[in-house]
Amino acid sequence: MTSPSPAAVPPSAASPARRPVVALLGNPNTGKTTLFNALSGLNHRVGNYPGVTVESKKGHMVCAGRHFELIDLPGTYSLAPRSPDEMVTVNIILGHQEGETRPDVVVCIVDASNLERNLYLTTQALELGVPVVIALNMIDVAHAQGIEIDVPALAERLGVPVVSIQANRRRGLDELGKAVAHAVGGAAPPRHPAFPPPFERETAELAAALGDGVPPYLVRRLLLDVGGWTETRLVARLGDTLQGRVGDARKRLAEAGCPVPAVEARSRYGWIREALAGCVHRPAVRPVTWTDRLDRWLTHRLAGTLVFLAVMFLLFQSIFTAARPFMRWIDAARGYLADLIGHSLPAGPFTSLLVEGVLGGVGAVVIFLPQILILFGFIAILEDCGYMARAAFLMDRLMARCGLSGKSFIPLLSSMACAVPGILATRVIEDRRDRLATIVVAPLMSCSARLPVYILLIGAFLTDGYPFWLAGLTMFALYALGLVLAPLVALLLKRTLLRGQPPVFVMEMPPYKWPSLRAVLRRMFDSGWAFLQRAGTVILASMVLVWVLLNFPAGDYPERIAALNASVAEEREKADALRESIAPQVREVRRLARLERNAATADKHDTYQRQRAAVKGQMAPTLAELEQLERRLGPVDEQVNRLEEEWKRGSYLGRIGRLIEPVVRPLGWDWRIGVAVLASFPAREVVVSTLGIIYQQGKVDTEEIREADYAEVADTGLGKALSDARFDDDPARRVFTVPTAVSLMVFFALCCQCASTLAVIRRETRSWTWAAFTFVYMTALAYLAALIVYQVGSLLS
Amino acid sequence: MFTLDRLPPGQRGRILSLTGDAILVQRLMEMGMLEGDEVEMIGAAPLGDPLEVRLGDSRLSLRRSEAARVEVQPLS
């Protein structure tokens, strides 16, 4: 049974000056994004709708010489809004969204191999009084399954143009454009599913009671969506009498045999099936598809789990190994720029600001770009090919124990490399509370920026004199700490602050398809660019701030240091050149030493030893020269470092550090550690270089620390300096005892020292509240844990 | 009441009714779970939960607790 629409006036006369607006609507996984990209090319921009977390995606399309504004609406299964985010889509099509023009045409993209379900959303769109064009996508997939569709007949039955397309192969796009151009300014769809008379009566009554303020579509939604957003909003606005009225109407409908929400599904699917009968021919027996075959393995109890673990392992490995060469390259570029600036500009605060504050700070963050890009790429591939849903399926039981759902797994896993892409990946989580809980615990997953600190401290304090496995075990324990606490915190949040109705898990497992390289690259580029922009602003600002606090007041230290350096400039240059010349041999010696240590047989051990001695012999003359230079440079370097240390101690940050010393003493730290921790709040990686400065080691190469294995670290200048460090007021006592080292690592494991992460949280939650909350709870947690570890550790040792 | 979560893998069932939380019921219906339609149980995840079913042309996954809201009549 169909109902004719009243002759509708076109929603907006497309004046020649204004470009027509075309909205894309469709289920997830129907190729909507592919279509959007194909139509808009590279002209697209992403923005915000006020007050909600869903992003606006707009583009510009040219077809047959005409220009259109394209707007990509979020993928959805129905226009029954259950949250402010879902309401935005409805509002846009109704023309009620602030700041948005009502679309002139809605293009409903449907999957030809799953026509019935896809058309459900379309039938809702048909009621909204806007011209509709149906884009029938994936017709090749349908054919492969033996499904034949009589497209003209279908268009006749549905009452709107139906254009067959293959978005991924860019077929049919011209016809689609023409159909869209034709539909602009045309009539609203002539037919849509009719609801039973009792329902229409109740709707009319309710509409009369509500008056003109509520559009007819929303009156129907009010009646149909029990506990939906329309009901929530209108009851909040108009009071409980409305609730009572709606409740009574629903009761009457149930008695009349038209219970909500079933009446909607029945009416719509009934109409759809009638329309499809005779237009769609299917084989008598459903053929087995590739998806069926693959899923037999990929969701299988044993095989599926193994494949899943393999995929996750691959994800991780690729991040750590594939990113390495790029990270080295970025660090080299940063070093090159730093040298360039250092040599071209006169020494002074501005140069130092540029080199240390800006380059050093931004460099510390940009160096993660390769990891982030690889992670995004991997996630994009997994999502595009359809495996993501299987991952959520496999992990759901585990995640449900933590109060979350399977969809949180990949975001949390990604956060183990870097929380920024992990948090961005939470967009797939539809439930607002689940998403927030995942975002807020993501930074607890030990990210790669924490590695330099772990390696430094473990190397300096937990290797010599300790069993060989202790280093690895400690590293594992630190990772495990975050892994264990994250679900606990999530559970706590879901029981308290984020308490609410358990979300619906029902999830479609889309058919597998080859991921589109174009789409993946585009995702990678978009995310990478957004990350860089953030690094360019937030990080830059905070690093500059830290630099200022650490370097001022400067007094005459810069001059004195510069004078000292100038006095040995020649020697230093020569020494640098010599070191540069033997650098490959030094790396070779280190590599051979590593091989020697790990040699399996005595023979191999001897071979490596001999090789190492040979290389060392080659370097001998250069080393001798260096040694001579060092004898001149040594005392000057010491003086410079001492001055640096005095300078930093008297700086603002140094003073703050000394001020908070009583607070950090119970953790076993002294003021120097306090300063290093404070300085690393914008980017935790910075702690290593800051420790270097404060412990008079000059510039410490963090990259060197990251690459070193534990035994080597203990030998570096910083490693030794840390183990020799003593308390100011009690020189007999060593600062870096094992409990102190562990408490520092535990603090780093749990504290949110990453301005990038906080910026992303703010952006994804559209408010500062949750970013601030994350910062506060993690700092508190970190402090408490470090405190417990130190106190208990000292008691035990 | 025989519910969907008890349908053995490979078996088909006819949907008799959907009960319980209105939001869940609405969501299931939107996805195509209608009284009188057929649904096929594909299987469970390795950890026992959630379940995967075939509904029309789609594969749907849902938790046992959600499947327990769908009364079905097993078909031979």
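Definitions and limits used
Residues numbered from 1 in each chain as written. Chains lettered and ligands numbered in written order. Predicted model: local features only at pLDDT ≥ 70, side-chain atom pairs only at ≥ 80, totals over all residues. Heavy atoms only, no water. Pairing = 2+ DSSP bridges. Helix = DSSP H or I, 4+ residues; strand = E, 2+ residues; numbered from the N terminus. Contact = heavy atoms within 4.5 Å. Buried area = accessible area lost by both parts, 1.4 Å probe. Salt bridge = Lys/Arg side-chain N within 4 Å of Asp/Glu carboxyl O. Polar contact = N/O pair within 3.5 Å; in protein donor to acceptor, adjacent residues only side chain to side chain. Nonpolar A, V, L, I, M, F, W, Y, C, P; charged D, E, K, R; others polar. Buried < 20%, exposed > 50% of the residue type's maximum accessible area, 1.4 Å probe, protein only. Expected span 1.5 Å × (residues − 1). Axes fitted to C-alpha atoms, helices over the stretch in contact; angles between N-to-C directions. Parallel < 35°, antiparallel > 145°, perpendicular 65-115°, else oblique. Phe/Tyr/Trp six-rings, centres within 6.5 Å; stacked < 30°, edge-to-face > 60°. Lys NZ or Arg CZ within 6 Å of the ring centre and 35° of its normal. Core = buried A, V, L, I, M, F, W, Y, C linked by side-chain atoms within 4.5 Å. Disulfide = S-S within 2.5 Å.

Participant: Got a minute to help me understand the pairing of strand β2 (residues 38-44) of chain B in this structure?
Facilitator: Regular strands place their side chains on alternate faces of the sheet. Residues and elements named next belong to chain B. Judged from the three bridges that link them, strand β1 (residues 12-18) and β2 form a sheet pairing that is antiparallel. Opposite G13, over in β2, you have V39 as the bridge partner. As paired elements, β2 and strand β3 (residues 51-55) share four bridges and run antiparallel to each other. Across the sheet, the residue bridging to A44 is L51, located in β3. Between β2 and β3, which pair antiparallel in sequence order, lie six residues; one of them, G48, sits at a positive phi of approximately 100 degrees.

Participant: Mind showing me how you'd approach the interface of chain B and chain A here?
Facilitator: Interface size is commonly expressed as the accessible area that is lost once the parts come together. On the chain A side, the residues contacting the 33 residues of chain B number 47 residues. When chain B packs against chain A, the two sides together hide about 3,600 Å² of surface, and 53% of this comes from carbon and sulfur. Taken together, the connections running from chain B to chain A amount to eight salt bridges. Note that A:R266 and B:E35 form a salt bridge whose closest N and O atoms lie 3.5 Å from each other. At the junction of chain B and chain A, the tally comes to 17 residue pairs in polar contact (both at pLDDT 80 or more). Among the secondary structure elements, those contributing two or more residues to the side of chain B that touches chain A are α1 (22-30), β3 and β4 (58-62) of chain B. Ranked by residues supplied to the side of chain B that touches chain A, first place goes to α1(B) with nine residues. Looking at side-chain class alone, the side of chain B that touches chain A contains 16 nonpolar, five polar and twelve charged residues. Note that strand β12 (residues 507-508) of chain A and β4(B) share two bridges and pair antiparallel. Within β4(B), the residue paired with A:E508 across the bridge is B:L60.

Participant: I keep staring at the sheet that holds β2(B) and nothing clicks. Help me out?
Facilitator: Within a sheet, each strand pairs with its neighbour through backbone hydrogen bonds, oriented either parallel or antiparallel. Ordered by their spatial adjacency, six strands build an open sheet running β12(A)-β4(B)-β3(B)-β2(B)-β1(B)-β5(B), and the pairing between neighbours is antiparallel. Two strands in the sheet have a free side with no partner beyond their single neighbour: β12 of chain A together with β5 (70-75) of chain B. Across five bridges, β3(B) lies against β4(B) in antiparallel orientation. In the sheet register, B:E52 faces β4(B), and the bridge partner there is B:S61.

Participant: Mind showing me how you'd approach the side chain of A:T30 here?
Facilitator: Counting through the fold element by element, A:T30 comes out in the loop between β2 (21-26) and α1 (32-40). Looking at A:T30, its side chain comes within polar contact range of the main-chain oxygen of A:N27, at 2.7 Å.

Participant: Just checking my understanding: could you explain the environment of A:R301 for this structure?
Facilitator: Residue and element names in this part refer to chain A. Following the sequence through the fold, R301 ends up in the loop between α12 (290-298) and α13 (303-344). On the basis of relative accessible area, R301 is assigned to the exposed category, the value being 57%. Remark: the alpha-carbon pair of R301 and L394, spanning 93 residues in sequence, is separated by 9.1 Å.

Participant: Would you mind going over helix α33 (residues 738-750) of chain A with me for this structure?
Facilitator: One turn of the α-helix equals 3.6 residues, which is why residues spaced by three or four share an orientation. Residue and element names in this part refer to chain A. Between its first and last C-alpha atoms α33 spans 18 Å; for 13 residues at 1.5 Å apiece the expected length is 18 Å, and the two agree. Of all 13 residues that make up α33, eleven are buried, and the element is covered over most of its length. The complete set of buried residues in α33 reads P739, T740, A741, S743, L744, M745, V746, F747, F748, A749 and L750.

Participant: Any chance you could explain helix α8 (residues 216-224) of chain A here in plain terms?
Facilitator: Counting buried positions along α8(A) yields eight of nine residues, so the element is predominantly enclosed. Along α8(A), the residues classified as buried are A:Y217, A:L218, A:V219, A:R220, A:R221, A:L222, A:L223 and A:L224.

Participant: It is not clear to me how the packing of helix α9 (residues 229-238) of chain A against helix α10 (residues 240-255) of chain A should be interpreted in this structure. Could you clarify?
Facilitator: When two helices pack together, their arrangement is given by the angle between their axes and by how far apart the axes lie. Residue and element names in this part refer to chain A. α10 packs onto α9 with a crossing angle of 135 degrees between their chain directions and a minimal axis gap of 6 Å. Classified by the angle their axes make, α9 and α10 are oblique. Between α9 and α10, the contacting residues are E231, L234, V235 and L238 on the first element and D240, T241, L242, Q243 and R250 on the second. Its residues assigned to classes, the contact of α9 with α10 shows four nonpolar, two polar and three charged.

Participant: Help me understand the environment of B:Q26 in this model?
Facilitator: For B:Q26, the position within the fold is in helix α1. If we skip the residues at most four places from it in the chain, B:Q26 touches A:A80, A:R82, A:R221, A:L224, A:D225, A:P261 and A:E264.

Participant: Would you take a moment to explain the packing of aromatic side chains for this structure?
Facilitator: Given two aromatic rings, one states the distance between the centres and the angle between the planes to describe the pair. Residue and element names in this part refer to chain A. Scanning all chains against the criterion turns up nine aromatic pairs over all chains. Put simply, the rings of W770, F773 and Y777 touch in pairs and so form one group of aromatic residues. Above the plane of the ring of Y120 lies R268, whose end atom (NZ or CZ) is 5.9 Å from the centre. The aromatic ring of W768 is capped on one face by R762, whose charged end is 5.5 Å from the ring centroid.

Participant: Sorry, what's going on with the nonpolar core here?
Facilitator: The nonpolar side chains of a soluble globular protein tend to be buried with one another. In this structure, A:Y387, A:L444, A:Y695 and A:F736 are the most contacted members of the largest nonpolar core, which totals 124 residues. Take this core: its biggest share by element is ten residues, from helix α21 (residues 469-495) of chain A. If you look at the next biggest cluster of nonpolar residues, it comprises 94 residues, including A:V151, A:A249, A:A262 and B:V70.

Participant: Looking at this structure, I do not really get the environment of A:T757. What am I missing?
Facilitator: All names here are of chain A. Along the polypeptide, T757 turns up in helix α34 (residues 755-765). In the structure, T757 is positioned 17 residues away from T774 in sequence and 9.8 Å away in space, judged by C-alpha atoms. Look past the residues within four positions of T757 in its chain and what remains in contact with it is A419, V420, I423, P443 and C752.

Participant: Sorry, what's going on with the state of the cysteines here?
Facilitator: Working definition: the covalent bond between the sulfur atoms of two cysteines is a disulfide. All names here are of chain A. Overall, the coordinates contain zero disulfides over all chains when judged by the stated rule. Note on C108: no disulfide assigned, nearest cysteine sulfur contributed by C279 at a separation of 17 Å. Looking at C108, the relative accessible area reads 1%, which means it is buried. C752 takes part in no disulfide bond, and the closest cysteine sulfur to it belongs to C754, at a distance of 6.3 Å.

Participant: How should the pattern of salt bridges be read in this particular structure?
Facilitator: One side chain can pair with another of opposite charge once the charged atoms of both are near each other. All names here are of chain B. Applying the stated rule across the entire model yields 53 salt bridges over all chains. The partner of E52 in a salt bridge is R59, and the shortest N-O contact between them spans 2.7 Å. Summarising the burial analysis for this pair, E52 and R59 share the class buried.

Participant: Which parts of the structure should I look at to understand unusual backbone geometry?
Facilitator: Most peptide bonds take the trans configuration, and most residues that are not glycine carry a negative phi. Residue and element names in this part refer to chain A. At the junction of V260 and P261, the peptide bond is cis and its omega measures out at -5 degrees in the coordinates. Along the chain, P261 turns up in the loop between α10 and α11 (262-276). Residue P553 is reached from F552 by a cis peptide bond, and omega for that bond is -5 degrees. Inspection of the secondary structure assignment puts P553 in the loop between α22 (517-551) and α23 (557-567). Within the chain, N29 stands out as a residue other than glycine whose phi angle is a positive 65 degrees. Residue position: N29 is located in the loop between β2 and α1. A relative accessible area of 41% means that N29 is categorised as partly exposed. Non-glycine residue R170 carries a positive phi angle of around 55 degrees. With respect to the helices, strands and loops of the structure, R170 is situated in the loop between β9 (162-164) and α6 (173-183).

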